[in-house]
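The residues making up each chain are set out below.
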Amino acid sequence: MRLQGRVAAITGGALGIGRETARLFAAEGAVVALGDIQADGVETVARAISAGGGRASAMAVDVGDAAQVNAFVERIVAEFGRLDIMVANAGIAHSAPFLDHPEAQWQRVLRVNLTGVFLCCQAAARQMVKQGDGGRIISVASINAFRGVENLVGYNAAKAGVVELTKTMAVELAAHGITANAIAPAQIDTRLTRTLPEEARQRRVDRIPLGRFGEPEDVARAALFLASDDARYITGHTLAVDGGYLAGGLWSRPDRPAPPSL
Ligand SMILES: NC(=O)c1ccc[n+]([C@@H]2O[C@H](COP(=O)([O-])OP(=O)(O)OC[C@H]3O[C@@H](n4cnc5c(N)ncnc54)[C@H](O)[C@@H]3O)[C@@H](O)[C@H]2O)c1
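From a predicted model like this one, the values you see are computed outputs, not experimental measurements. (Residues numbered from 1 in each chain as written. Predicted model: local features only at pLDDT ≥ 70, side-chain atom pairs only at ≥ 80, totals over all residues. Heavy atoms only, no water.)

The residue Glu28 is located in the loop between helix H1 (16–27) and strand S2 (31–36) in this model. Beyond its immediate sequence surroundings of up to four residues, Glu28 is in contact with Met1, Arg2, Leu3, Gln4 and Leu224. (Helix = DSSP H or I, 4+ residues; strand = E, 2+ residues; numbered from the N terminus. Contact = heavy atoms within 4.5 Å.)

Structure (structure tokens):
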């Protein structure tokens, strides 16, 4: 059990990557505190983990609201006595061409995907500093932090911000024994990507050398590594969990010809 007795907060725990991370952390002995804007969704996940013999609790939280985030962390401490790991995972996307991207959607995505990560990590780090024995911060960015993926300007900018936020946290929190790392998934099979038309899905798979979308468990396993003692000397790093996407060019599969426009 790699996380025996640790208390882990996971945002966006109702679905996808957050839900899988919660299941895996609980199976590895962690007490998991799930936060999500979907109150029913996190309740269901927490109940399932408890029914399987794990320890879990759920709370409705909007990660873009500082008061709600502080209340989330305060409740975790009241319930479990401490907080050892924060997985700032909640995220949303809005797809629109740059020229037509509505400012309201830009603000909405930045609020959740960047300010939300800042607020959750800050509240968690303040608690960890108070405890005085270190901690782990893991934020979920995206390979879009490194590539100008079309029609996602707000999302991409927020994720690039998460990478830099993570580096700054790593530098400032090192003196307290707290590590801060990010994960950059490529295409993972969750609600966020399931609505893509088949043709768009295939186009994305063509860019992944391992030739498939990732599973939420692929990301959860990376989060487990970063939360575990195996990663004790790693901080400020962004770990791509992308089937080789960033390692290759846009058309990295040798069995598929580049389109004429390239
Ligand atoms: N799925 C992918 O291909 C992919 C790729 C790269 C990065 N990511 C990132 O991984 C993270 C998880 O994504 P996912 O694919 O599991 O998506 P998902 O839509 O399946 O789950 C996201 C969760 O976040 C919650 N959430 C949304 N807004 C919130 C808010 N304001 N406060 C609290 N919770 C909120 C949702 O209710 C949901 O449970 C996101 O940060 C996303 O950007 C996903």
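Considered as a void within the structure, the largest pocket measures approximately 1000 Å³ in volume. As for the largest pocket, its lining consists of 43 residues, of which Gly91, Ile92, Ala93, Tyr155 and Leu192 are closest to the centre. Those elements giving two or more residues to the lining of the largest pocket turn out to be H1, helix H5 (153–173), helix H6 (191–194) and helix H7 (198–206). Classifying every residue of the lining of the largest pocket by side-chain character gives 21 nonpolar, 15 polar and seven charged. In this structure, the second largest pocket is lined by Phe118, Cys121, Gln122, Ala125, Arg126, Val129, Leu165, Thr168, Met169, Glu172 and Leu173. Residue assignment for the lining of the second largest pocket shows that the elements contributing at least two residues are helix H4 (103–131) and H5. Per-element tally for the lining of the second largest pocket: the top contributor is H4, with six residues. (1 Å grid on protein atoms, 1.4 Å probe; cavity = no way out; pocket = protein on both sides within 12 Å on 5 of 7 lines; lining within 4 Å. Points joined across faces, edges and corners; volume = space filled by probe spheres on them. Nonpolar A, V, L, I, M, F, W, Y, C, P; charged D, E, K, R; others polar.)

Take the packing of aromatic side chains next. All told, the structure shown has zero aromatic pairs when counted by the stated rule. The ring centre of Phe213 lies 4.3 Å from the NZ or CZ of Arg201, which sits over that ring. (Phe/Tyr/Trp six-rings, centres within 6.5 Å; stacked < 30°, edge-to-face > 60°. Lys NZ or Arg CZ within 6 Å of the ring centre and 35° of its normal.)

So, on to the pattern of salt bridges. Evaluation of the coordinates by the stated rule reveals 14 salt bridges. Among the salt bridges present, the one from Arg82 reaches Asp133, with a minimum N-O distance of 3.1 Å. Of this pair, Arg82 sits in the loop between helix H3 (66–80) and strand S4 (85–88) while Asp133 is found in the loop between H4 and strand S5 (135–140), placing the two residues 51 residues apart along the sequence. Judged by relative accessible area, which is 49%, Asp133 ranks as partly exposed. A salt bridge links Arg203 to Glu199; the nearest nitrogen and oxygen atoms lie 3.1 Å apart. Of this pair, Arg203 and Glu199 both sit in helix H7, four residues apart, which is roughly one turn of the helix. Several salt bridges share partner residues, and in doing so they unite Arg82, Asp84 and Asp133 into one network. (Salt bridge = Lys/Arg side-chain N within 4 Å of Asp/Glu carboxyl O. Buried < 20%, exposed > 50% of the residue type's maximum accessible area, 1.4 Å probe, protein only.)

The next thing to look at is the site of the ligand. Neighbouring residues of the ligand: 29 residues in total, closest Asp36, Asn89, Tyr155, Ile188 and Thr190. One of the backbone N or O atoms of Ile37 is found 3.3 Å from a nitrogen atom in the ligand. In this structure, a nitrogen atom belonging to the ligand sits 3.3 Å away from a main-chain N or O atom of Val61. Counting residues per element, the ones that place at least two in the shell around the ligand are H1, H5 and H6. No other element matches the three residues that H6 contributes to the shell around the ligand. Within the shell around the ligand, the residues separate by chemical class into 16 nonpolar, nine polar and four charged. (Near = heavy atom within 4 Å. Polar contact = N/O pair within 3.5 Å; in protein donor to acceptor, adjacent residues only side chain to side chain.)

A few words now on the sheet that holds strand S7 (residues 238–241). Read from one edge to the other, the open sheet built from seven strands follows the order S3-S2-S1-S4-S5-S6-S7, with strand pairing classed as parallel. A strand with exactly one partner marks an edge of an open sheet, and here the two such strands are strand S3 (55–60) and S7. Within this sheet the neighbouring strands show an average axis-to-axis angle of 20°, counted without direction. Alignment of S4 against S5, held across four bridges, turns out to be parallel. By the bridge assignment, Ile85 is partnered in S5 with Arg136. Along the sheet, H1 makes contact with strand S1 (7–11), S2, S4 and strand S6 (178–185), crossing S1 at roughly 170°. (Pairing = 2+ DSSP bridges. Axes fitted to C-alpha atoms, helices over the stretch in contact; angles between N-to-C directions.)

At 3.6 residues per turn, the α-helix brings residues three or four places apart onto the same side. Helix length check: H4, at 29 residues, gives a terminal C-alpha distance of 40 Å against a target of 42 Å (1.5 Å per residue), a fit within 8%. Roughly 35° is the biggest bend found in H4, and it falls at Thr115. Just past H4, the residue Gly132 takes up positive phi, approximately 80°. (Expected span 1.5 Å × (residues − 1). Bend = angle between axes of the 7 residues up to and from the residue.)

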